[in-house]
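The lines below spell out each chain.
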Amino acid sequence: MSDCSSSGSDEDLDPEIELLDELGGTLSKWTNYIHGWQDRWIVLKGNIFSYYRSADEKEYGCRGSICLSKAVITAESGYGSESSLRRHGSLLSLTSAASGLSTTSASSCKKGYSLREKLAEMETFRDILCRQVDTLQKYFDNCADADSKDELHRDKVSEDEEDFPTLRPDGDYLLNNNNSSKEKLFPVDNLKGPLGIDFKGEAITFKATTAGILSTLSHCIDILVKGEESWQRRLDKEIERRKRTEDAYKAAVTELKKKPHYGGPDYEEGPNSLINEEEFFDAVEAALDKHDQIEEQSQAERNRASRRISFTPDTYSSISTQKYLTTPHSQTSSLSSVDLISASDDVHRFSAQVEEMVQSHMNYSLQDVGGDANWQLVVEEGDMKVYRREVEENGIVLDPLKATHAVKGVTGHEVCHYFWDTAFRNDWETTVESFQVVETLSDKAVIIHQTHKRVWPASQRDVLYVSVIRKILSTNENDPDTWLVCNFSVDHDGYPPSARCIRAKINVAMICQTLISPPEGDKKITRDNILCKITYVANVNPGGWVPASVLRAVAKREYPKFLKRFTSYVQEKTSDEVVLF
């Protein structure tokens, strides 16, 4: 059933069919673009064709009607097609859309209409609305014309006050003249609105069309909002995917930088290196981080191994007894090889240099640098302080470093012993790849060749140095004795510099003094009563072409770590040993 306009005029009834009985039944009616064809209850009474939503809702009034004598019947095909909808002459079917705006939107959402379909629906509503506006405009124009004609007739009648129109039974107005004759003035149809247009029905349809437009617009907005949310999620995923890709790329580049073959020799340390300072620093830092990670894993393995070691009761008892002895046992202590020595006991071909170095460190290294403007405090962690004085020669960084620290429970003798004795070197030194004693000068002096692990892109370095341990007796009975280890570079015919490594020059000293806090009464001195004051100085010429900022950053990072790692090792190593002064 196609929608048609209704007249709503009782005068359109055909007297011959007015007496027919009322006929009713169900037909399919095109409602709108959204709901398509719907079953409606149709009633034919006389020549008036009306429809209701259902037979049960007749008491609420019809939803539309048409006079069959004025109806135009056209055959259509393609149910519910957009083209068929555009050809409908009457738009009363859209009144159903006015009953529930939100319901339409919700149902449309459930059906999953796309934005393209809703826009096509909007276009259809636009065409419908334009035709309705044209129809209503014609209605208003005809009403205005009829009103003008009515005014014209009234003006004509007013010219003769005695002539008044009267309404005949057939609906025409008659004019009474002075001769008491009646003349037909004008037909009643001229005062009525445009025939064939039901203003109320068109108004309801217009309202329904606008409601449908608002509903479709609301749904379009919902689709756009959901689309925006969907695209935002896609954007967030794309950003996250890109970030992961960039991180993977950076990790791959960093990994490649760690490899010696990356980029060839032009991308390694050298006078013509193509690596800028920032890239050099990043590569060195990454390599150091990897070394630290490996060292942490190794330390964890050593700790687990040490926890698996069990002591017999007799062994633990002897350790506990010896722990509180205050005199050194030269035969039973693990430190028995270190005796009190003087300069006269240590004579060899480097003796003069050793005495010069020792004297220099005792005169200058123990001086307080806290108020010296030339020294900068670069690290402070608890009792440990690290100072630096910036010095460069020919573009090479030669910054002297000085660190002070205080360690409880150990003596200066013990700290210097573990720092000097190569038997314990690999236990705490993590930067050394290999070392060997080149020559033993005396019981307290050796020449050592030491190769350090390479930190790419820096070249690998080695050092050749004399290492001596010395006890310096105090000249003042109120001052503690001093233990010192001094390492300084020398030359040796058996170990000349090689092309594989850059030979660094060092002058390092570990200076320790033991401070004792006397126990109460006659109690024996234990490790709880001793404190080791440490001064560590280092003058290093690394050689090569490493950028100054990289060297300074590495020194600031590595020296405090080394000092903490070494002193922790000494504390752990001596916790169950005899106190050795």
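Everything below is about the structure shown above.
None of these values were measured; they are calculated from a predicted model.

Student: Before we go on, may I ask you to explain the side chain of Asp421 in this structure?
Tutor: Topologically, Asp421 is positioned in the loop between α8 (412–420) and α9 (425–428). Comment: no salt bridge for buried Asp421; closest opposite-charge side chain is Arg425, at 7.5 Å. Polar contacts involving the side chain of Asp421 include one to the main-chain amide nitrogen of Ala423, which spans 3.0 Å.

Student: Got a minute to help me understand the pairing of strand β8 (residues 376–381) in this structure?
Tutor: Each regular strand displays side chains that alternate between the two surfaces of the sheet. Direction of pairing for β8 relative to strand β9 (residues 384–388): antiparallel, over a ladder of five bridges. Note that in β9 the partner of Val379 across the bridge is Val386. Between β8 and the antiparallel strand that follows it, β9, lie two residues; Gly382 among them carries a positive phi value of about 65°.

Student: For this particular structure, what's the right way to read the packing of α8 against helix α10 (residues 548–574)?
Tutor: Helix packing for two helices is described by the angle between their axes and how far apart those axes are. Two numbers describe how α8 lies on α10: the axes approach to 10 Å, and their chain directions differ by 110°. By the criterion of interaxial angle, the relationship of α8 to α10 is roughly perpendicular. As for the relative orientation of α8 and α10, their crossing is right-handed in sense. Mapping the contact onto sequence places Glu414, Val415, Tyr418 and Phe419 in α8 and Phe562, Phe566, Tyr569, Val570, Lys573 and Thr574 in α10. When its residues are assigned to classes, the contact of α8 with α10 shows seven nonpolar, one polar and two charged.

Student: Any chance you could explain the pairing of strand β19 (residues 530–541) here in plain terms?
Tutor: Pairing between strand β12 (residues 401–408) and β19: eight bridges, direction antiparallel. The residue of β19 that forms the bridge with Lys408 is Leu531. Strand direction decides the pairing type here: strand β18 (residues 505–516) and β19, joined by 12 bridges, are antiparallel. Its bridge partner being in β19, Ile511 is matched across the sheet by Thr535.

Student: What's the story with a negative patch on the surface in this structure? I'm lost.
Tutor: Judged by side-chain charge, Glu278, Glu279, Asp282 and Glu285 come together as a negatively charged surface patch. Along the chain, Glu285 turns up in helix α5 (residues 277–307).

Student: I would appreciate a short explanation of the nonpolar core in the present structure.
Tutor: Burial of nonpolar side chains together is a common tendency in soluble globular proteins. Core analysis: the largest hydrophobic core is formed by 35 residues, its most contacted members being Val415, Phe419, Met510, Tyr536, Phe562 and Phe566. Setting aside its immediate chain neighbours within four residues, Phe419 contacts Arg425, Trp428, Val485, Asn487, Met510, Tyr536, Phe562 and Phe566. Residues Phe350, Val354, Leu441 and Leu484 belong to the second largest nonpolar core, which totals 16 residues.

Student: Honestly, the packing of aromatic side chains in this entry has me stumped. Any pointers?
Tutor: Where two aromatic rings form a pair, the distance of their centres and the angle of their planes describe that pair. In this structure the tally under the stated criterion is 12 aromatic pairs. Ring geometry for Phe562 and Phe566: centres 6.4 Å apart, planes at 20°, overall stacked. Here the residue Phe562 and the residue Phe566 both occupy positions in helix α10, the gap between them amounting to four residues, near one helical turn. Residue classification places Phe562 among the buried residues on the basis of a relative accessible area of 10%. Residue Phe566 is classed as buried on the basis of its relative accessible area, which comes to 0%. The rings of Phe419, Trp428, Tyr536, Tyr559, Phe562 and Phe566 are connected pair by pair, giving a single aromatic cluster. The ring centre of Trp231 lies 4.6 Å from the NZ or CZ of Arg234, which sits over that ring. Geometry around Phe435 places Arg425 over its ring, the cationic atom sitting 5.6 Å from the centre.

Student: Before we go on, may I ask you to explain unusual backbone geometry in this structure?
Tutor: Peptide bonds are mostly trans, and most non-glycine residues show a negative phi. Of note, the bond from Trp456 into Pro457 is cis; its omega dihedral lies within 30 degrees of zero at 10°. Position of Pro457 relative to the elements: it lies in the loop between β14 (445–452) and β15 (461–472).

Student: How should I be thinking about the pattern of salt bridges in this particular structure?
Tutor: Working definition: two side chains of opposite charge can pair if their charged atoms are close together. Taken as a whole, this structure holds 20 salt bridges when the rule is applied. With its nearest N and O atoms 4.0 Å apart, the salt bridge here joins Arg126 to Glu123. Of the two residues, Arg126 and Glu123 both sit in helix α3 (residues 115–158), three residues apart, roughly one turn of that helix. Classification of Arg126 as partly exposed rests on a relative accessible area of 47%. Each of Arg388, Glu390, Glu392, Asp399 and Arg552 takes part in one network of salt bridges that share partners.

Basis of the calculations
Residues numbered from 1 in each chain as written. Predicted model: local features only at pLDDT ≥ 70, side-chain atom pairs only at ≥ 80, totals over all residues. Heavy atoms only, no water. Helix = DSSP H or I, 4+ residues; strand = E, 2+ residues; numbered from the N terminus. Buried < 20%, exposed > 50% of the residue type's maximum accessible area, 1.4 Å probe, protein only. Lys, Arg positive; Asp, Glu negative; His and termini not counted. Salt bridge = Lys/Arg side-chain N within 4 Å of Asp/Glu carboxyl O. Polar contact = N/O pair within 3.5 Å; in protein donor to acceptor, adjacent residues only side chain to side chain. Pairing = 2+ DSSP bridges. Axes fitted to C-alpha atoms, helices over the stretch in contact; angles between N-to-C directions. Parallel < 35°, antiparallel > 145°, perpendicular 65-115°, else oblique. Left-handed = near helix turned anticlockwise from the far one by under 90°. Contact = heavy atoms within 4.5 Å. Nonpolar A, V, L, I, M, F, W, Y, C, P; charged D, E, K, R; others polar. Patch = residues over 30% accessible without salt bridge, like charges linked within 9 Å, V, L, I, M, F, W, Y side chains within 5 Å. Areas by Shrake-Rupley, 256 points an atom, 1.4 Å probe, with all protein chains shown as cover. Charge placed at Lys NZ, Arg CZ, Asp CG, Glu CD. Core = buried A, V, L, I, M, F, W, Y, C linked by side-chain atoms within 4.5 Å. Phe/Tyr/Trp six-rings, centres within 6.5 Å; stacked < 30°, edge-to-face > 60°. Lys NZ or Arg CZ within 6 Å of the ring centre and 35° of its normal.

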